[in-house]
Amino acid sequence: MLLNESRDLPRRLCTAADIKFYFSTFFQRGSKSTNYLKPNKNCNLTAWVSGCEPGWACRVAVNQKVDLKNSRDVPHRIVDCKPCCEGFFCPHGITCMIPCPLGAYCPLAKLNKTTGVCDPYRYQLPPGEPNHTCGGADVWADVSSSTEVFCSAGSYCPSTIQKIPCSSGHYCRMGSTSQARCFRLASCDPNTANQNIHAYGVMLFAALSTLLLIIYNCSDQVLTTRERRQARSREAAARSARETAQARERWKSAKQVAKKSAIGLQTQLSRTFSRKKSVRQPEPLKGLGQAKPGTDEALLPPITPGPSQQSSTASKGKKKESSNLTKMMRALDENPDSNEGFNLEIGDKNLKKNAPKGKQMHTHSQIFKYAYGQIEKEKALQQQNKNLTFSGVISMATDNDIRTRPVIEVAFKDLTLTLKGKNKHLLRCVTGKIVPGHVSAVMGPSGAGKTTFLSALAGKVTGCTMTGLVLINGKAESIRSYKKIIGFVPQDDIVHGNLTVEENLWFSARCRLSADMPKPDKVLVVERVIESLGLQAVRDSLVGTVEKRGISGGQRKRVNVGLEMVMEPSLLILDEPTSGLDSSSSQLLLRALRREAMEGVNICMVVHQPSYSLFRMFDDLILLAKGGLTVYHGPVKKVEEYFSGLGINVPDRVNPPDHFIDILEGIVKPSISSGVSYKQLPIRWMLHNGYPIPPDMQQNLAGIDVSSNTANPRNEINSAGAGAVEQSFAGDLWQDVKRNVELKKDSIQHNFLKSKDLSDRITPGVFQQYRYFLGRVGKQRLREARIQAVDFLILLLAGACLGTLAKVSDETFGAVGYTYTVIAVSLLCKIGALRSFSLDKLHYGRERGSGMSSLAYFLSKDTIDHFNTVIKPLVYLSMFYFFNNPRSSFQDNYVILVCLVYCVTGVAYVFAIFLEPSPAQLWSVILPVVLTLIATQQNNGVIVQNLAKLCYTKWALEAFVIANAERYSGVWLITRCGSLMTNDYNLTAWNLCLLILFVTGVISRAVAFFCMVTFEKK
């Protein structure tokens, strides 16, 4: 029944107080308990007019004023009760009308005589009142309680009293006020509730899958093509340098032939015409063309000895070679200052002047041509000048001033290392020194403390108490002050397997050589190391990993050594560099090290059972016995003489080092006539050098003549533990715990030790190293593109499956699908991010120990991982969004996923750095599930709610629900508010959720960096 008078309508409308009273029921009883309201002024047990019935309303008295904005007082309204107007709803228990919201359809009800219900609503007429008819709508609540007032799906309601079916090519969701146009490929028939955009998802899936397959199969082509281009330019430069050297040598040999012919002709003429004895040529002529044995001239192409043979040979070869040779000689005579290398004498002073400057070398071919030209000249000079040092050879080749390296001499006196908590000696009373220009070998049986000795010299020992004195260049300084010019080659081949040989060496050179060294000189250093280590054939080959085969084990060992050689160290310490190498490879490596020693480098290395020829290539020998005691320390040439003085002679056809180690191991016993046991050999060395003998070793003095200045007058014997009382199991356990805590504390303190830099070398800064690390990590990621493609393919499948199975629910605004999304994306992205750090812990430890920047290393990894942070949400959403079709926009979902991936990547960094790989993977799987369960708990107390606020999953899920809920308005307001309040979400907190996710990612990265520099894996 419509009102005929418009002035009557305001008297029937609910005031602010009535609306407040109605909606307060949602907070007190819940959204599903709205069938009736609590008693009030107009409708109670004593006064119940027909306007209190659902779908009816009354008005106030004519003389009563109504203030619709009054939110305090409910007006007295019981006059002239009539059916509710269409477009309004009149709840059960109040006598006023409330306008229906947008998106609702509120027509007048009609009585269904079969059921007795007022359609399309659910209320019935009151019994005993024949004049009471069906009115308007009676309730507006959440969608589960009052679906009848919502504009039905497949239609749209431009007003609350008008409903229009959706036309073809359009779709209308529930509660729509207008129809939305479908996408081109979506099929939308009339009365369509939602468009089907699965076709876009299928197309994207096919396109992305094809792209990923292409990446999977062609991922190495980008780097391979680039390397092939560089290899061509490098080979051209090398070929040019070789041709230059060969042309130079041919010219020199031809010049020698001509001069020798002239000398012979002059001698014959003098004999014929002057009838005098042949006179010896003056000294200047001798220097012009005569070849000395052992020089380059002696290794030139064959020269006929006799004059007649020389002339005949020249006449025969004149037809073939005279023209080119004549041109070459004429060009040399006419233009001695030419830029071509073969037009210059070796060591010509014009070389420096005419060679292109460092700033002029822009292309790879120019740089490689410069480097290979210098290497060829160095080879020639080494043959001509056997007695020159390597620095002198390089100086003559480059016409530069000699670039000397700082000298490091390490002396040690009574060096003793004791394991903390166990009082076990790893090294004991080791005295001596290693000097620059010498190659020292450290040998001994297993358990002699050889590696510990090298670690002590390099300042890398933790968990031990060190006594004694270590002097650097005669001063008591920390060896860590010189770490920029100290190379330490570990026993394990810690080399990046997904980089080529040249890339490994080049990266080490760029980060560790002086920052002001020109790039051509750095290339020259790298090329020289590749040449000396015999790695030319595999320079462009991947080193390889356990899963992917690369270069051989011997070549990998040489690359491991080359990483330290390219930084031009002053002290080079190597731990078993020849283990696993054959004899020829070991000699090749040792020749390269001897060449470094000629440069003034102090080289000390552990060697296991070298061959005799290899053993003779060392300068000094440090022979250790079990317990870290010195048996011999001196020149290699005198070791047999020393042991012969003790009555220990090396049998025929027995390798001396093998014989000595067998004696120290106890396998071979010295002859009875010598009167020496292997346990007395360290004491013999102490007595030989006048060192004091520790008290607990004097029990082995039996049968040895001891001078009064070396024997300990107290003659004490260390009986530690002889009278000790055996502890209980709990006592032993407590001691072990204390020792482990102390060792961990010592390791952490060692990581944060600071020392003044005395190396006098300025290496590239953090920003420059960040650029170098960025390039290296980028190459590694390109070579791991297949793994990335698999990750993306799994994300595609997860998005398609979850988007299909978890449909958007209008009651929960897609919370279920978004919950699965948070878990799936967190899990998959964490597993992928673990690879960034979990596999490179040993590499980081080596690079940090050499002085490289930890911050640059961490930031470069994180920067490259930002690619996944940007791309992975796009890959997942390309499936999930088109199969799930939520109301929120693609952009909103993408921004949330980017923040979520950024957050979980930081958490994965912490797991990867702090935990071992297996526990890290387990935590990455369990944590998202547990945190999501905590975040979705409802009404479980204050503690659980506060705990949920610490879970990143809660903020990610809230951001997803808010972004979707914002698209629901009008008739959906009560449903939206009820759902948000139930989950404790705030509609205005979307930016806060994103900020918390971002801050969590930043904090987790800071924690990961702290763990990386604190708990470094040794």
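Since the structure is predicted, the reported quantities are computational estimates derived from the model, not experimental observations.

**Examining empty space enclosed by the protein**
Under the defined criterion, the tally for this structure stands at 5 cavities of 30 Å³ or more. Of the voids in this model, the largest cavity is the one considered here, and its volume is about 150 Å³. The wall of the largest cavity is formed by 15 residues, among which Ser508, Leu563, Arg846, Glu847 and Met852 lie closest to the centre. Looking at the lining of the largest cavity, the elements with two or more residues in it are helix H11 (501–512), helix H13 (553–565) and helix H23 (841–849). Considering every element that reaches the lining of the largest cavity, the biggest residue donor is H11, with 4 residues. Class assignment for the residues of the lining of the largest cavity results in 5 nonpolar, 5 polar and 5 charged. As a volume, the second largest cavity reaches approximately 100 Å³.

**What to know about the environment of alanine 186**
Mapping alanine 186 onto the fold places it in the loop between strand S10 (180–181) and helix H3 (198–218). Look at alanine 186 and you get buried, because its relative accessible area is 12%. Apart from residues no more than four positions distant in its own chain, alanine 186 is found in contact with Gln195, Asn196, Ile197 and Tyr200.

**Remarks on the pattern of salt bridges**
For the structure shown, the criterion picks out 24 salt bridges. The residue lysine 557 makes a salt bridge to aspartate 493 at a minimum N-O spacing of 3.2 Å. Pair noted here: lysine 557 is in helix H13 and aspartate 493 is in the loop between strand S15 (486–489) and H11, with a separation of 64 residues, a long-range link. Judged by relative accessible area, aspartate 493 falls into the partly exposed class, the value being 22%. Glutamate 502 is paired through a salt bridge with arginine 539; the nearest N and O atoms lie 3.2 Å apart. Of this pair, glutamate 502 sits in helix H11 while arginine 539 sits in the loop between helix H12 (519–532) and H13, placing them 37 residues apart in sequence. Just as glutamate 502 is buried, arginine 539 falls in that class too. Each of Arg12, Arg59, Asp80 and Lys82 takes part in a single network of salt bridges with overlapping partners.

The rules we used
- Residues numbered from 1 in each chain as written.
- Predicted model: local features only at pLDDT ≥ 70, side-chain atom pairs only at ≥ 80, totals over all residues.
- Heavy atoms only, no water.
- 1 Å grid on protein atoms, 1.4 Å probe; cavity = no way out; pocket = protein on both sides within 12 Å on 5 of 7 lines; lining within 4 Å.
- Points joined across faces, edges and corners; volume = space filled by probe spheres on them.
- Helix = DSSP H or I, 4+ residues; strand = E, 2+ residues; numbered from the N terminus.
- Nonpolar A, V, L, I, M, F, W, Y, C, P; charged D, E, K, R; others polar.
- Buried < 20%, exposed > 50% of the residue type's maximum accessible area, 1.4 Å probe, protein only.
- Contact = heavy atoms within 4.5 Å.
- Salt bridge = Lys/Arg side-chain N within 4 Å of Asp/Glu carboxyl O.

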